[in-house]
Amino acid sequence: MVGWIVGGGLVAAMVVSFVVETILPLHRAGRTAEMLFNLVGFPIVLLGTGVFVWGGAVFVRDTFRVWGSPEMVENLKRLKTDPGADSRRSAGGRNRAILFEAWKPGLIRMGIGAVVIAIGSIVLNWLKITGGNQMM
């Protein structure tokens, strides 16, 4: 609950800052095209940030979920106590595989979030990228 309140407050502060420091000055200056690209790009960046944070939360949750699994615990015991190099190598490899499987959903979401952020950044800066006219 606290996380949602803090996250909502953070998003609200960013939106207010965006409107006051970006949209209103562009509107007053008559830079309609730039204002419109900002109005489209900013929500895309926010969406991408949300997806990225969601992926990070899934990554951490799934890491903790598998970290205490019986197989992982047994492999960790083998790594610490078994004198055989092959047995330790097998246990370490299995633990890496378990972690990678657990990490995939979070990493995929984080990757999608990063791509969406990049798309939003391109939209935000489209006129600068293309050298387009600042006035509409």
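Above this text is the structure in question.
Definitions and limits used
- Residues numbered from 1 in each chain as written.
- Predicted model: local features only at pLDDT ≥ 70, side-chain atom pairs only at ≥ 80, totals over all residues.
- Heavy atoms only, no water.
- Helix = DSSP H or I, 4+ residues; strand = E, 2+ residues; numbered from the N terminus.
- Contact = heavy atoms within 4.5 Å.
- Axes fitted to C-alpha atoms, helices over the stretch in contact; angles between N-to-C directions.
- Parallel < 35°, antiparallel > 145°, perpendicular 65-115°, else oblique.
- Expected span 1.5 Å × (residues − 1).
- Bend = angle between axes of the 7 residues up to and from the residue.
- Buried < 20%, exposed > 50% of the residue type's maximum accessible area, 1.4 Å probe, protein only.
- Left-handed = near helix turned anticlockwise from the far one by under 90°.
- Nonpolar A, V, L, I, M, F, W, Y, C, P; charged D, E, K, R; others polar.

Trainee: Quick one: what's the story with the side chain of Asn 95, residue by residue and with numbers?
Mentor: Relative to the helices and strands, Asn 95 resides in helix H4 (residues 85–124). Apart from residues lying up to four places away in sequence, Asn 95 is in contact with Glu 71, Met 72, Asn 75, Leu 76 and Leu 79.

Trainee: Pulling in residues and values, what's your account of the packing of helix H2 (residues 32–67) against H4?
Mentor: Interaxial distance between H2 and H4 falls to 7 Å at its minimum, and their mutual angle equals 170°. When the interaxial angle is binned, H2 and H4 end up roughly antiparallel.

Trainee: Before we move on, can you summarise helix H1 (residues 2–28) with the specific residues and values?
Mentor: Note: α-helices contain 3.6 residues per turn, so residues at a spacing of three or four share the same orientation. For H1, which comprises 27 residues, the first-to-last C-alpha distance of 38 Å matches the rise-based estimate of 39 Å (1.5 Å per residue) to within 8%. Residue Val 19 marks the point of greatest curvature in H1, where the axis turns by about 35°. Turning to H1, its buried residues are Phe 18, Ile 23 and Leu 26. Where the residues of H1 are buried, they touch H2.

Trainee: Can you explain the packing of H1 against H2? Please cite residues and give values.
Mentor: H2 packs onto H1 with a crossing angle of 165° between their chain directions and a minimal axis gap of 10 Å. Taken together, the axes of H1 and H2 lie roughly antiparallel to each other. As for the relative orientation of H1 and H2, their crossing is right-handed in sense. Each of Val 11, Met 14, Val 15, Phe 18, Thr 22, Ile 23, Leu 26 and His 27 in H1 lies in contact with H2, whose residues at this interface are Glu 34, Met 35, Asn 38, Leu 39, Phe 42 and Leu 46. Looking at the contact of H1 with H2, its residues break down into ten nonpolar, three polar and one charged.

Trainee: Requested: an account of H4, with residues and values cited.
Mentor: Here H4 is 40 residues long and its end C-alpha atoms lie 54 Å apart, about the 58 Å a rise of 1.5 Å per residue gives. A maximum bend of about 40° is found in H4 at Lys 104, where proline Pro 105 lies one to four positions downstream. All of the buried residues in H4 are Ala 91, Gly 92, Asn 95, Ile 98, Leu 99, Ala 102, Gly 106, Met 110, Gly 113, Val 116, Gly 120 and Val 123. Looking at the packing, one finds that the buried side of H4 touches H2, helix H3 (70–81) and helix H5 (126–130).

These results come straight from atomic positions and should not be treated as a statement about function.
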